[in-house]
Amino acid sequence: KTSYEAWLRYEAVENDALRANYRLRCSVIVSAEQTKVLGTAAKELAEAVQAMTGHVPDIAAIRDRQIPCVIIGVLGRGDPEIDGTAGPDADELGSEGYVLRTLKGQQGEADCIAIVGASDRGALYGAFHLIRIMQMRDSIEDLHIVEHPVNGLRMINQWDNMDGTIERGYAGKSIFYRNNGFVEDFTRIRDYARLLASTGINAITINNVNVHREETNLITAEYEQTLSKAADAFGAYGIKLFLSINFASPIAVGGLQTADPLDPAVRSWWTERASELYRAIPEFGGFLVKADSEFRPGPFTYGRDHADGANLLAEALAPHGGVVIWRCFVYNCLQDWRDRSTDRAKAAYDHFTPLDGRFADNVILQIKNGPMDFQVREPVSPLFGGLKDTNQILELQITQEYTGQQKHVCYLVPLWKEVLDFDTYAAGEGSTVARIASGALHNRSYGGLAAVSNIGDSACWTGHPLSQANLYGYGRLAWNPALSTEQITAEWIRLSLGSDPMVEDVVSGILLRSWGIYESYTSPLGVGWMVNPNHHYGPNVDGYEYSKWGTYHFADHQGIGVDRTIGTGTGYTAQYHSPQRELYDSLERCPDELLLFYHHVPYTHVLHSGKTVIQHIYDTHFEGAEAAAALLEAWQSIRGRIDEAYFELVASRLSEQREHAKEWRDVINTYFFRKSGIADRQDRLIY
Ligand code: BDP
């Protein structure tokens, strides 16, 4: 139960005075308007108050001025009190913000708390904020909070297939599909919408970017009814529904001979399909597209480029206010590993920068955080600094494909913060990824974040309960990338596990160390890809070394690493602006953690840390495995302080991690010992 509720866990308030105060302040919930989303806001607040205080608040349309209440309203709908409450704050709300404010009662009237949204959605976020304050056991006297999301698009991508499997899913089966159709019971979908909305998520694609046969049909009349039911479930929580589409749909389901984006018949087919979809689902958000990548069809087949492809769909969606989200994960996955002049890391930039300025206004490019593919350590994609006249959003991976598959704990908020804070220097200093993604830097009309979900039908949603922190943290960062890791972490722990300071201390220690620990026993110095092919779990140094995917480390008996410099390497570093370009290009100055991503060096190369590369590999792997074991020990210290089942589940995952970390340590260290023939200075190697 505890783990299913995740961060929306409403325990009765322990302190009598505080409980009485919450109960008094939330005696009644007044919601004058009857829209669906406002209804959700009132219902959510009422349920939370009931669970935390035992009092069931009435939901009323009209306020009794003698009774303290929470008023929920929206700006500009003709209620002078609501408009007056926001006052000058109204200018700061954008279209989804809110004011949360205590109004002092005049002449014997009771005080009340006003939640004033800039829109229905804003009011819903305000209600969740008030709930969060009470979950954190903070005061709700004298509130004056003004909030708005930094990013317009705060999106989740499900990689769910209609057969019920989830691509890169580590938490069970899909909550959406079973046996090539939708599930019958939408309870879990609604509960998911709730969790997402409480962190501020406002958009979702519900099918895999790899659109197979059955999913291609999702845009046809066959699924209209069910889709509109799904759109309603999410719509009640202010979340717009999107679909991943197959670029070859005109052929696959339309019966046309071609999917050429410039063909008039193809254009009218998409236009008509889009109109049909919007007729059935007026709130539909638009399409997400993976094209010409990993065997997906796309405009290249017809000698067209990706602007032609995206604009085709944009034209069809524009009359309805829809958008096309076009992924930049485009590269040749059939490279010749002997041809060292090609470099997969360069692909996205090379494909998309020449198209800057050619995309329609309602096209948004979705760019993965790194140039490769969600490795435990990668540089930031240079494409963020390479586009000025194109809407772009940042794509992150919450599901832990390369970061322990939710068997290992790997808290990704610190990684994402580094990405968001990275300075591209695209328009001088301060041109951070956060400002590019939000659209602020180049004044774009669309911007935001998207991330691949980590949930499935597992009892705790995410397989590993601590992986919930990644989903929560993503939502919070999408809302405001400036939030600190510490704040997000503390919030998640208190909301999910209560406010025992010892629990907070131990769990935050585990979370905050986890990414570094995972990196230390897996992937040294930015090298990446030393995993088993296909499923990507567990160590395999040469698993991808002699294959076509373009993911090499070039380890031989003398050295390791990929030369991506301008002078002698692939020239990838030239895709960055100064001074990042020079920093990465320089063997002397390149940061240690990315050294092997940028340079091929002998094992005896000395790092800034003073260690040689080979000794660094040995040390980090020995230390990493020990640190992984210490995570379990730390966790053991809070036994009895949290829910027993939750405790046991995490403990069992942590002991699996401890064992698996040893396997990583031994495979990696043995491999490099044998390859290099260089002994460990501490003589720990026995192979
Ligand atoms: C990789 C995954 C693959 C996805 C692909 C993508 O291994 O399953 O289809 O990315 O993002 O990370 O399209």
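Residues numbered from 1 in each chain as written. Predicted model: local features only at pLDDT ≥ 70, side-chain atom pairs only at ≥ 80, totals over all residues. Heavy atoms only, no water.

**A closer look at the site of the ligand**
- As a structural note, the neighbourhood of the ligand is formed by 13 residues, with E167, K290, R327, K368 and E401 the closest of them.
- Take N210: an N or O atom from its side chain is 2.9 Å from an oxygen atom of the ligand.
- Computed on the free molecule, the ligand has an accessible area of 320 Å², of which 96% lies beneath the protein chains in the complex.
- Cavity membership is defined here by more than half of the atoms lying within 2 Å of grid points; on that basis the ligand lies in the second largest pocket.
- Within the shell around the ligand, the residues separate by chemical class into three nonpolar, two polar and eight charged. (Near = heavy atom within 4 Å. Polar contact = N/O pair within 3.5 Å; in protein donor to acceptor, adjacent residues only side chain to side chain. Areas by Shrake-Rupley, 256 points an atom, 1.4 Å probe, with all protein chains shown as cover. 1 Å grid on protein atoms, 1.4 Å probe; cavity = no way out; pocket = protein on both sides within 12 Å on 5 of 7 lines; lining within 4 Å. Sits in = over half its atoms within 2 Å of the grid points. Nonpolar A, V, L, I, M, F, W, Y, C, P; charged D, E, K, R; others polar.)

**Some words on the layout of surface pockets**
- Counted as a void, the largest pocket has a volume near 690 Å³.
- If you go around the largest pocket, you meet 36 residues; those closest to its centre are E96, R121, N202, G238 and K240.
- Residue contributions to the lining of the largest pocket peak at four residues, all from helix α8 (residues 224-235).
- Counted by class, the lining of the largest pocket contains 16 nonpolar, 13 polar and seven charged residues.
- Put simply, the second largest pocket is a space of about 380 Å³.
- Around the second largest pocket sit 23 residues that line it, and E167, R168, E294, H536 and W549 are the ones nearest its centre.
- Among the residues making up the lining of the second largest pocket, the classes are represented as eight nonpolar, five polar and 10 charged. (Points joined across faces, edges and corners; volume = space filled by probe spheres on them. Helix = DSSP H or I, 4+ residues; strand = E, 2+ residues; numbered from the N terminus.)

**Some thoughts on empty space enclosed by the protein**
- Scanning the entire structure with this criterion turns up nine cavities of 30 Å³ or more.
- Around the largest cavity, the lining is made up of 13 residues, and of these C328, F329, A348, G370 and P371 lie nearest the centre.
- Within the residue set of the lining of the largest cavity, elements represented by two or more residues are α12 (347-352) and β14 (363-368).
- The residue makeup of the lining of the largest cavity, split by class, is nine nonpolar, two polar and two charged.

**With respect to the environment of R296**
- Residue placement: R296 occurs in the loop between β12 (286-289) and α11 (306-317).
- Sequence separation between R296 and H605 is 309 residues; the distance between their C-alpha atoms is 42 Å.
- Contact partners of R296, with chain neighbours within four places excluded, come to V209, N210, V211, H212, K290 and A291. (Contact = heavy atoms within 4.5 Å.)

**Things to note about the sheet that holds strand β16 (residues 447-452)**
- Taking strand neighbours around the barrel as the criterion, the eight strands line up as β7-β10-β11-β12-β13-β14-β15-β16 in a closed arrangement whose pairing is parallel. Across the sheet, the mean angle from the axis of one strand to that of its neighbour is 25°, orientation sign disregarded.
- In the sheet, strand β7 (residues 153-157) pairs with β16 via five bridges, with the strands oriented parallel. Within the sheet, the bridge partner assigned to M155 lies in β16 and is A450. (Pairing = 2+ DSSP bridges. Axes fitted to C-alpha atoms, helices over the stretch in contact; angles between N-to-C directions.)

**Regarding unusual backbone geometry**
- In the segment running from S578 into P579, the intervening peptide bond is cis, with an omega of 0°.
- Mapped onto the secondary structure, P579 falls in the loop between β17 (559-560) and α18 (580-585).
- The backbone of R137 shows a phi angle near 65°, a positive value even though the residue is not glycine.
- Note that R137 resides in the loop between α5 (120-135) and β6 (144-147).
- You can call R137 buried: its relative accessible area is 17%. (Buried < 20%, exposed > 50% of the residue type's maximum accessible area, 1.4 Å probe, protein only.)

**Topic: helix α20 (residues 613-636)**
- Across its 24 residues, α20 extends 35 Å between first and last C-alpha, which sits within 8% of the 34 Å expected from 1.5 Å per residue.
- Burial runs high along α20: 18 of the 24 residues are buried. (Expected span 1.5 Å × (residues − 1).)

**With respect to the nonpolar core**
- Counting 209 residues, the largest nonpolar core has Y192, W326, W635 and F672 as the members making the most contacts within it.
- Setting aside anything within four residues of it in sequence, one finds F672 in contact with M530, V541, A555, I560, Y603, I614, I617, Y618 and G677.
- Within the second largest apolar cluster, 13 residues are counted, among which are I71, A86, C112 and A114. (Core = buried A, V, L, I, M, F, W, Y, C linked by side-chain atoms within 4.5 Å.)

**A few points about α5**
- Between its first and last C-alpha, α5 extends 23 Å over 16 residues, near the 22 Å set by a 1.5 Å rise per residue.
- The buried count for α5 comes to 15 of 16 residues, which makes it a mostly enclosed element.

**Observations concerning the packing of aromatic side chains**
- Inspection of the entire model under this criterion finds 32 aromatic pairs.
- With a centroid separation of 6.1 Å and 55° between ring planes, the pair formed by F182 and Y223 is classed as tilted. Here Y223 lies in the loop between α7 (213-216) and α8 and F182 lies in strand β9 (residues 181-182), a separation of 41 residues in the sequence.
- Members of the aromatic cluster, joined through ring pairs, are Y4, F176, Y177, F182, F186, Y192, Y223, F234 and W461.
- Sitting above the plane of the F186 ring, K229 keeps its charged end 4.0 Å from the centroid.
- Of note, R344 hangs over the ring of Y331, and the distance from its end group to the ring centre comes to 3.8 Å. (Phe/Tyr/Trp six-rings, centres within 6.5 Å; stacked < 30°, edge-to-face > 60°. Lys NZ or Arg CZ within 6 Å of the ring centre and 35° of its normal.)

**Notes on the sheet that holds strand β4 (residues 98-103)**
- Reading across the sheet, the six strands line up as β2-β1-β3-β5-β4-β6 and stay open at both edges, with mixed pairing between neighbours. Sheet topology places β2 (58-60) and β6 at the edges, where each strand pairs with a single neighbour. Averaged over neighbouring strand pairs, the angle between their axes works out to 15° when direction is ignored.
- Here six bridges tie strand β3 (residues 69-74) to strand β5 (residues 112-117), and the two strands are oriented parallel to one another. Within the sheet, the bridge partner assigned to I71 lies in β5 and is A114.

**Notes on the pairing of β3**
- With six of its six residues buried, β3 lies for the most part within the structure.
- Of the two faces of β3, the one carrying C69, I71 and G73 and the one carrying V70, I72 and V74 are both buried.

**Structural notes on the state of the cysteines**
- Within this structure, the stated rule accounts for zero disulfides.
- C26 carries a free sulfur, and the closest cysteine sulfur to it, the one in C69, is 9.7 Å from it. (Disulfide = S-S within 2.5 Å.)

**A closer look at the pattern of salt bridges**
- Per the counting criterion, the structure on display carries 44 salt bridges.
- Put simply, R19 and D16 hold a salt bridge, and the shortest N to O gap is 2.9 Å. Of this pair, R19 and D16 both sit in helix α2 (residues 16-25), separated by three residues, roughly a single helical turn.
- Note on R19: relative accessible area 24%, which makes it partly exposed.
- Residue E519 is joined to R377 by a salt bridge in which the shortest nitrogen-to-oxygen separation is 2.9 Å. Taken together, the residues E519 in helix α17 (residues 501-521) and R377 in the loop between β14 and β15 (391-397) connect sequence positions 142 residues apart. Of the two residues, E519 and R377, both sit in the buried class. (Salt bridge = Lys/Arg side-chain N within 4 Å of Asp/Glu carboxyl O.)

**Focus: the environment of D160**
- Its location among the elements puts D160 in the loop between β7 and β8 (177-178).
- Sequence separation between D160 and G567 is 407 residues, and the spatial gap between their C-alpha atoms is 44 Å.
- When sequence neighbours within four positions are dropped, the list of residues in contact with D160 reads T165, I166, S174, I175, F176, Y177, I206, N207 and N208.
- Engagement of the side chain of D160 in a polar contact is seen with the side chain of Q158, the distance being 3.0 Å.
- Of the polar contacts made by the side chain of D160, one reaches the side chain of S174; its length is 2.7 Å.

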